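Next come the chains, spelled out residue by residue.
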Amino acid sequence: METSHLAALQNKHEGLERRIRDEMNRPSPDEVILQSLKKQKLRIKEEIAHI
C-alpha cells in the first residue's frame, strides 16, 4: 500500500515540476500560479519525506 501511495506522490511531484517549468518558459509567467504550484510541490515533498 505504501509503495503505491509513494509512487502516486512522486508522480504528482513530477507533474508539478513539469507545470512549473512550463509556466516559467512562458513569455510572461504568472507569479501567482508559480507560487501556488511551488507550495503544492513542497507539501508533496514533505509528505514523501515522512513515508
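Source: prediction; values computed, not measured.

(A) Here's a closer look at the overall build of the chain. Looking only at helices and strands, the chain has two helices and zero strands in total. Against the 2.2 N^0.38 benchmark of 10 Å for 51 residues, the chain shows a C-alpha radius of gyration of 12 Å, more extended than a compact globule. Across its three principal axes, the chain shows a C-alpha extent of roughly 40 × 15 × 10 Å. Considering the chain as a whole, with its 51 residues, one finds that 18% of them fall into the buried category. When contacts within the chain are restricted to residue pairs at least 6 apart in sequence, those whose partners lie at least 24 apart make up 63%. Each charge class in the chain can be summarised by its mean position, and for the 10 positive and 9 negative side chains these summaries are 2 Å apart.

(B) Molecular detail of the environment of Arg43. Looking at the secondary structure, you find Arg43 in helix H2 (residues 31-49). Residue classification places Arg43 among the exposed residues on the basis of a relative accessible area of 52%. When the C-alpha atoms of Arg43 and His13 are compared, they prove to be 9.3 Å apart, with 30 residues separating the residues in sequence.

Cut-offs used in this document
Throughout this document, residue positions are counted from 1 along each chain, in the order its sequence is written. Restriction of local features to residues with pLDDT of at least 70 applies here, the model being predicted, together with a cutoff of 80 or more for giving and counting side-chain atom pairs; totals for whole chains, interfaces and linings are based on all residues. As a rule here, side-chain values come from all non-hydrogen atoms in the structure, and water together with hydrogens is ignored. Put simply, DSSP marks the helices as runs of H or I at least four residues long and the strands as runs of E at least two long, and each gets a number from the N terminus on. Within these notes, the globule rule equals 2.2 Å times the number of residues to the 0.38 power, and the radius of gyration is based on C-alpha atoms. Three labels apply to residues, based on accessible area from a 1.4 Å probe with only protein chains included: buried if under 20% of the type maximum, exposed if over 50%, partly exposed otherwise in between. Residue contacts are counted whenever heavy atoms from the two residues lie within 4.5 Å of one another. By the counting rule applied here, Lys and Arg register as positive and Asp and Glu as negative, while His and the ends of each chain are not counted. A single reference atom marks each charge: NZ on Lys, CZ on Arg, CG on Asp, CD on Glu.

Everything listed here is a matter of geometry and, on its own, says nothing about what the molecule does.
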